[in-house]
Amino acid sequence: MLEPLFPWREMRRMEREMDRMQREMERMFDTFFPRRRRWMEVEFPPLNIWTNNDQAVVTAELPGIQPEELELSVNNDTLILRGKRVANDLPEGARYQRRERFQGEFARSLQLPFAIDADKVEAHYENGVLTITLPRAEADKPKRIAVHAGQSNGKEG
Amino acid sequence: MSDESRAIQVQQEQRPAVRESRSRRVFAPAVDIVETNDEILVLADMPGVRQDDLEVILEKNVLTIRGTVQMPHMQEYDLEYAEYEGGDYERVFTLADDIDRDKIEAEMKQGVLHLRLPKAGPARIRRIPVKTS
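Note that this is a predicted model, so its numbers are computed, not measured.

Caption draft 1: Region of interest: the overall build of chain A. A tally of helices and strands in chain A yields two helices and eight strands. N-terminal to C-terminal, the α/β element order of chain A is α-α-β-β-β-β-β-β-β-β. Looking at chain A residue by residue over its 157 residues, the buried ones come to 28%. By element, 50% of the accessible surface of chain A is carried by carbon and sulfur atoms, the whole surface being about 11,900 Å².

What follows is the structure, encoded as structure tokens:
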């Protein structure tokens with residue numbers, strides 16, 4: 001049997017087919033989610049991480065929770081945030097016309113760029129924003145190593 | 001969507017003039033809307049908005065909620081990773097029922113707007129006592 005010596009033509013055809021399928025998928029996605037809304041984009045709660053040499057600050061948009069429902073834990077360079085957001089009690093006969101807000105339990109795990117001193121972590125909740133300050137572990141901080149000049153002053157003794 | 005035709009409708013977010021004069025981004029907050037016979041309750045997630053930075057406007061039957069956010073000052077830090085960005089909130093609704101505007105209550109509780117819109121008299125379902133002779 002004659003096998004094609006140069007399968008390039010077939011490969012190009014497959015490539016084109018893959019492109020087409022990908023475009024098709026994107027088109028379908030756009031149909032289902034015509035406009036990406038902010039609250040659908042990431043897991044709940046969305047987080048930002050700020051750092052400098054000495055500490056990290058993690059902020060989370062967590063509106064409408066009870067701070068005592070939050071559980072924070074730090075292990076080396078990993079921060080874990082758990083909690084739940086429960087629905088408000090509805091008056092009798094009430095019905096939802098629209099329900100977009102996140103409800104239920106959540107757990108987020110974050111790896112920070114350095115090890116954290118767990119004893120010095122502080123968290124503050126205000127206006128629905130959680131701010132966690134995470135000082136870098138002393139042992140993890142870069143140490144300046146003093147370079148001493150040798151006695152020989154560059155000359156061999 | 002079938003719920004568009006109900007008592008409260010969520011319009012496409014409008015672009016008021018304010019938007020152009022600012023460089024800040026404006027987001028539509030996630031909302032829950034609950035209706036009872038007597039009132040409409042709107043809950044909107046607006047983290048970072050204080051009571052003083054909240055604006056609720058009812059013009060005819062168009063309800064606008066707006067909140068501005070004070071972003072934290074983080075000059076001494078580098079933003080390492082971001083899942084959300086700063087900006088303000090705005091969303092516009094059209095109400096099907098007449099609202100008793102004197103009794104509207106709006107309160108920010110830990111970043112959530114609690115807005116109560118009591119229905120005005122005629123729209124409410126009234127129980128009419130039937131007397132038997």
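Caption draft 2: Inspection of the pattern of salt bridges at higher detail. Tallied over the entire structure, the rule returns 17 salt bridges over all chains. For Glu138 of chain A, the salt bridge is made with Lys141 of chain A, and the minimal N-O distance between the two is 3.0 Å. Two residues, Arg50 of chain B and Asp53 of chain B, come together in a salt bridge whose shortest N-O distance is 3.0 Å. A relative accessible area of 37% means that Arg50 of chain B is categorised as partly exposed. By relative accessible area, which is 14% here, Asp53 of chain B ends up buried. Here the salt bridges share partners, and the residues they tie into one network are Arg85 and Arg101 of chain A together with Asp32 and Asp45 of chain B.

Caption draft 3: Spotlight on the packing of aromatic side chains. Residues and elements named next belong to chain A. Summed over the entire model, instances satisfying the criterion amount to three aromatic pairs over all chains. Taking the centre distance of 4.3 Å and the plane angle of 10 degrees together, the rings of Phe44 and Phe102 count as stacked. In this pair, Phe44 is assigned in the loop between helix H2 (38-41) and strand S1 (47-51) and Phe102 in the loop between strand S5 (95-99) and strand S6 (104-111), connecting sequence segments 58 residues apart. Using a relative accessible area of 15% as the deciding quantity, one classes Phe44 as buried.

Caption draft 4: Layout of the environment of Gly86 of chain B. Residues and elements named next belong to chain B. Looking at the secondary structure, you find Gly86 in the loop between strand S7 (78-82) and strand S8 (88-95). Note: C-alpha distance between Gly86 and Val69 (17 residues apart in sequence) is 7.4 Å. Ignoring sequence-local partners within four residues, the contact set of Gly86 consists of Arg25, Phe27 and Met71.

Caption draft 5: Quick look at the interface of chain B and chain A. Taken together, the contact between chain B and chain A spans 43 residues of the former and 42 residues of the latter. Roughly 3,900 Å² of surface becomes buried between chain B and chain A when both sides are summed, with 50% attributable to carbon and sulfur atoms. Counting the contacts that link chain B with chain A gives five salt bridges. One salt bridge in this structure joins Asp45 of chain B and Arg101 of chain A, with 2.7 Å as the shortest N-O distance. Mapped by element, the contributors of at least two residues to the side of chain B that touches chain A are strand S1 (8-10), strand S3 (31-35), strand S4 (39-45), S7, S8 and strand S10 (112-118) of chain B.

Caption draft 6: Inspection of the sheet that holds strand S4 (residues 78-85) of chain A at higher detail. Residues and elements named next belong to chain A. Taken in spatial order, the three strands make up an open sheet running S3-S4-S6, and their pairing is antiparallel. Only two strands of the sheet have a single partner each, and these edge strands are strand S3 (71-75) and S6. Averaged over neighbouring strand pairs, the angle between their axes works out to 10 degrees when direction is ignored. Pairing between S4 and S6: eight bridges, direction antiparallel. Residue pairing across strands places Lys84 opposite Glu105, the latter belonging to S6.

Caption draft 7: Up close: the nonpolar core. Grouped together as the largest cluster of nonpolar side chains are 21 residues, with contacts concentrated most on Met46, Val49, Leu63, Leu113, Leu115 and Leu117 of chain B. Among the elements of the structure, S3, S4, strand S5 (54-59), strand S6 (62-67), S8 and S10 of chain B are those that each provide at least two residues to this core. In this view, Leu117 of chain B contacts Asp38, Glu39, Ile40, Val42, Leu63, Leu95, Ile99 and Ile104 of chain B; residues no more than four positions away in its chain are not counted. Counting 20 residues, the second-largest nonpolar core is a separate cluster that includes Ile49, Ile65, Leu110 and Ile116 of chain A.

Caption draft 8: The sheet that holds strand S9 (residues 105-109) of chain B, seen in detail. If you trace the five strands from one edge of the open sheet to the other, you get S5(A)-S3(B)-S4(B)-S10(B)-S9(B), paired in antiparallel fashion. For this open sheet the edge positions go to S5 of chain A together with S9 of chain B, each flanked by a neighbour on one side alone. Averaged over all pairs of adjacent strands, the angle between strand axes in this sheet comes to 15 degrees, irrespective of strand direction. Both S9 of chain B and S10 of chain B contribute to a ladder of five bridges, which runs antiparallel. Bridge assignment links Met108 of chain B to a residue of S10 of chain B, and that residue is Leu113 of chain B.

Caption draft 9: How the structure looks around the confidence of the model for chain B. All names here are of chain B. When pLDDT is averaged along chain B, the result is 79; 75% of the residues meet or exceed 70. Within chain B, S10 carries the highest mean pLDDT (94), whereas helix H1 (residues 17-21) carries the lowest (41). When the criterion is pLDDT under 50, residues 1-6 qualifies, and its contacts beyond four places in sequence or with other chains add up to nine contacts. Scored below 50 in pLDDT, residues 10-21 makes 20 contacts in the model with residues more than four places away or belonging to other chains.

Thresholds applied
Residues numbered from 1 in each chain as written. Chains lettered and ligands numbered in written order. Predicted model: local features only at pLDDT ≥ 70, side-chain atom pairs only at ≥ 80, totals over all residues. Heavy atoms only, no water. Helix = DSSP H or I, 4+ residues; strand = E, 2+ residues; numbered from the N terminus. Buried < 20%, exposed > 50% of the residue type's maximum accessible area, 1.4 Å probe, protein only. Areas by Shrake-Rupley, 256 points an atom, 1.4 Å probe, with all protein chains shown as cover. Salt bridge = Lys/Arg side-chain N within 4 Å of Asp/Glu carboxyl O. Phe/Tyr/Trp six-rings, centres within 6.5 Å; stacked < 30°, edge-to-face > 60°. Contact = heavy atoms within 4.5 Å. Buried area = accessible area lost by both parts, 1.4 Å probe. Pairing = 2+ DSSP bridges. Axes fitted to C-alpha atoms, helices over the stretch in contact; angles between N-to-C directions. Core = buried A, V, L, I, M, F, W, Y, C linked by side-chain atoms within 4.5 Å. pLDDT = per-residue confidence, 0-100.

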